[in-house]
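Results of the structural survey
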Amino acid sequence: MISSRRHAWIAAAAWTVLSILGIVLVAGIQVLPVIASREAEIENSAFVLLTVLSVPVLMFVVVGLAYSALRFRANGDLEDGPPIHGSRGFQAVWLSVSFVLVIGLFGYGAIGLIDIRGAQVSDFEVQVRAEQWAWHFEYPSAGVKSKELHIPVGERVHLVINSDDVIHSFWVPAFGIKQDAVPGHPTQIYVTATVAGTYPGLCAELCGFGHTDMHLTVVVSDRSALEDWLNHPPPPDDSQPPPDGSEPPR
Amino acid sequence: MKALKPGLTRAVLGAAIGAGVGVGSLALASTAGLLIEDGQILGLGYLLALIGFLFGLGAFRFWLTWAAGREINVAEEHAAHGTSGDWRRYIRFTTDHKVIGVQYLVSAFLLFLTAGTFAMLMRVELAQPGLLLGKEAYNQIMSTHGAMMITVALISIIGGLGNFLVPIMIGARDMAFPKTNALSYWLLPLPILLVAVNPLLGGFDSGWTAYPPLSQQANLGQQAYLMAFVTVGISSILSAINFLVTVFRMRAPGMSLMRMPIFVWALTVTATLMLVATSVVAGAFTMLLFDRVLGTSFFRASRGGDVILFQHLFWFYSHPAVYIMGLPGLGAILEVVPVFARKPLFAYPLAVLSFITIGVLSFMVWAHHMFVSGMAEFFHIPIMLTTELISVPTGIVFLAALGTIWMGKLHFKTPMLWVFGFIWAFLIGGITGVYLADVPTDIALSDTYFVVAHFHYTIVGGTIFGLFAGTYYWFPKITGRMYNERLGQLHFWWFTLAFNATFLPMFWLGIEDMRRRVADYPAALGGVNLFVSIAAFNIFLSVAVFVFNMVWSWRRGPKAAANPWRAHTLEWQVASPPPIQNFDEIPTVSAGPYEYGGPVGAPAEGRATP
């Protein structure tokens, strides 16, 4: 007969080993498939931190379940277990740990949030307009309109988003930004692209029949290339062929 | 007409007359030159059909007699309670809480199968990239699947198991308001039928969330869904009042609040949430209906309405609703654990407190569904805090379950297997929930399959695993027969493996940018989606084993003893199935519900009907 203290030690040892193994496995992984902006970098580190913290929590419950399933079977024994109604100490530790974890996560999340959405300043502004089922971009500084989004690399870009009809959502996965386009209610988001290239974007909010194919393309280039493009504006909106949707390197 | 007694035939006739009057009068007005829209015809037709149905069924006859000041026919009132062994009581306006419980439970499982069939169609479309059924058909199937499954999660445990068991568990002969109880059940068939036939009205394709303006553009099927949802809401509110009065006024002597089984506590908090929150969503949906049918502009941006206001009102109900779905499941799980671990429920007072805290906090987290919606900027921060805080009381459920299992004497009967499956699934749901509560990660994950995977892990993991645990556990009590243990275990393993194989890969799909509510996806994700579809079909097959086991065992299973699990709670101290009045003599309760291993026996041993 193993004492209750001994059971606890064996399970705790298994938990420690598995947690360390798990943390080593997940620390430093890249979760987001493509990272091409400061915002996506912040989000990826948040992903990694949450995953690292999840490992010991997951392992605690899994080890507890597995150990009990292996060692505490009745095997036909009709006796009852010990009449334990609770343990003040254990309950207090459990509550304290979960409370501290939550406050820590909240603090970290709040910092990340302010990093992404704070500081209402920008180097470049684009007006985004959504309709069923297409995206339109307008560059107030140059008075140019386009069907592809062109932004400079390494600069904080302010996107002001509007919708003509229903709710859409402006989403560029590689930038880790997503913001609903709401009729009658302009919304905004900031992004600092870090890698030049062409990236796909898509509508993330169900907006009717054409939602599936409501894609967009973002071209990130250095400032001079962008100025060139703005000085030789593309043909007016309607005559432009749809973006070819070429995939960026992954 | 006098020969036609209150009953289903008269109810169908009443519904037909109501629909006829509603549609006919507006059609007449239309031919007279008035400007009438189809939606207005559907609205009046449905409203009058519902009233005609309930009148035909005899739902109001006792109240009307009473209101008219006439003597109530006692024999008729008695007959409405039903006679044991008479199957027709299950299709009548019967006031016995046990009959109503079975009505709810069977209806919920039928709806579960229907909605599950829709899920299979979704997985057929998604098995390969490209389109098979088509975008519009997919969105309608997806929306109907969601609307129906939400209803299953809302009614199955509290309506089914709750109605059957709560009065017995607290030592009462029935619910406080048996006629209201029957009314809450009979309010459901018509709206559920309306959702089921919505494709005939053009379907609805905006999802169960029905966000305007998309839902204002959509056709009549959308309106059918809104009306059905409001009706289900009325049923919920009636049911909530009934549960609360029953629990607070009808407990047997000695059944103090802290001696109540944890399942009863879970349902008490659930009923409170239903009472307070449901009217908000019913209000929001009614405003949306008015926008469509009566020309108002609450949510019409083009005429000064506010689109985001709808989302606030919707989620102010619909997040508590997640707990309305979840808490009964958690309660059922914690009810099963002590019996099969042969130990008292660990930290019972803390578990009660955690249910109450979840209930309170659930009203303060709604806007975490709106982190990318464009709501007030500062509001992200307090909502992120409250959302993460709710994991503390939710974690107590794991503490209680694990603490009870630890050092116990575990009997791995089918209900206990579902407990283990639940802990795993709900844990994955909880951990992945943190990624969605954290704004930076949620921006990336919002509207992707990560969300789909997460809420299936919480709602299937919490509610459906709890429902299966509870259904197997109480099957002998409800039917008086034992289910087949081997088929039960087969169902558990098959379902649980298939469930995890279906939804675990979806987290990855979400991170790989697969959007929810879309019939097509990038070709590169085809392999994983095919795997997911095959796993999903296996879920369906495993449920077929469950259905067979239930139907066969109900008819042919071996007779069950009064207390086959040697449980301590009151429902096991009466015969299986319980006699029509539950108790010959109301028991006096002298101990808590989970005194396993102690010197005290069952809480009312020897006092209840053998």
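Parameters at a glance
Along each chain, numbering runs from 1 in the same order as the chain's sequence is written. Here the convention is simple: chains get letters from A, ligands get numbers from 1, in the order in which they are written. It should be noted that, the model being predicted, local features are given only for residues of pLDDT at least 70 and side-chain atom pairs only at 80 or more, the latter also being counted only at that level, while totals for whole chains, interfaces and linings use all residues. An automatic or database domain assignment supplies the start and end points of every domain. Residues are scored as being in contact if the C-beta atoms we place from backbone atoms lie within 7 Å. Here the nonpolar group is Ala, Val, Leu, Ile, Met, Phe, Trp, Tyr, Cys and Pro; Asp, Glu, Lys and Arg are the charged ones; every other residue, Gly included, is treated as polar. Strands here are runs of E lasting at least two residues and helices are runs of H or I lasting at least four, both read from the DSSP assignment and numbered beginning at the N terminus. A helix is expected to span 1.5 Å multiplied by its residue count minus one. Residues with at least 20 other C-beta atoms within 10 Å of their own are called buried, those with 12 or fewer are called exposed, and the rest are partly exposed. The C-beta atoms themselves are positioned from the backbone. Think of a nonpolar core as buried Ala, Val, Leu, Ile, Met, Phe, Trp, Tyr and Cys residues chained together by C-beta atoms that fall within 7 Å.

Concerning the domain arrangement of chain A
All names here are of chain A. By domain assignment, chain A separates into domain 1 (4–71 + 85–117) and domain 2 (124–239). Each of domain 1 and domain 2 was reduced to a C-alpha centroid, and the two centroids are 37 Å apart. Taken together, the contacts link nine residues of domain 1 with twelve residues of domain 2. Grouping the amino acids of the side of domain 1 that touches domain 2 by side-chain chemistry returns five nonpolar, one polar and three charged.

Quick look at helix 3 (residues 88–117) of chain A
Over its 30 residues, helix 3 of chain A runs 42 Å from end to end, which matches the ideal 44 Å to within 8%, given 1.5 Å per residue. For helix 3 of chain A, the set of buried residues is Trp94(A), Ser98(A), Val102(A), Leu105(A), Gly109(A), Gly112(A), Leu113(A) and Ile116(A). As for helix 3 of chain A, its buried residues are in contact with helix 2 (38–71) of chain A together with helix 14 (380–389), helix 15 (391–405), helix 16 (414–437) and helix 17 (439–445) of chain B. Just beyond helix 3 of chain A, the residue with positive phi is Ala119(A), at close to 50 degrees.

Let's talk about the interface of chain A and chain B
For interface size, the figure often reported is the accessible area lost on association. Listed as interface residues are 68 residues of chain A and, on the opposing side, 67 residues of chain B. At the level of elements, helix 1 (4–26), helix 2, helix 3 and strand 7 (177–181) of chain A are the ones that each hand at least two residues to the side of chain A that touches chain B. Examining the composition of the side of chain A that touches chain B, we find that 14 residues originate from one element, helix 3 of chain A, more than from any other.

Topic: helix 2 (residues 38–57) of chain B
Residues and elements named next belong to chain B. Compared with the 28 Å implied by 1.5 Å per residue over 20 residues, the 28 Å span of helix 2 between its first and last C-alpha is a close match. Of all 20 residues in helix 2, 14 are buried, a share of seventy percent or more. Positioned one or two residues after helix 2, Gly58 has a phi angle of 90 degrees, which is positive.

Observations concerning the nonpolar core
Residue and element names in this part refer to chain B. Ranked by size, the top nonpolar core spans 267 residues in total, and within it Ala351, Val419 and Ala469 carry the most contacts. In terms of residue count, the dominant contributor to this core is helix 12 (residues 307–341) (22 residues). Other than its neighbours up to four places away in sequence, Ala469 contacts Ala332, Ile333, Val336, Pro415, Trp418, Val419 and Phe422.

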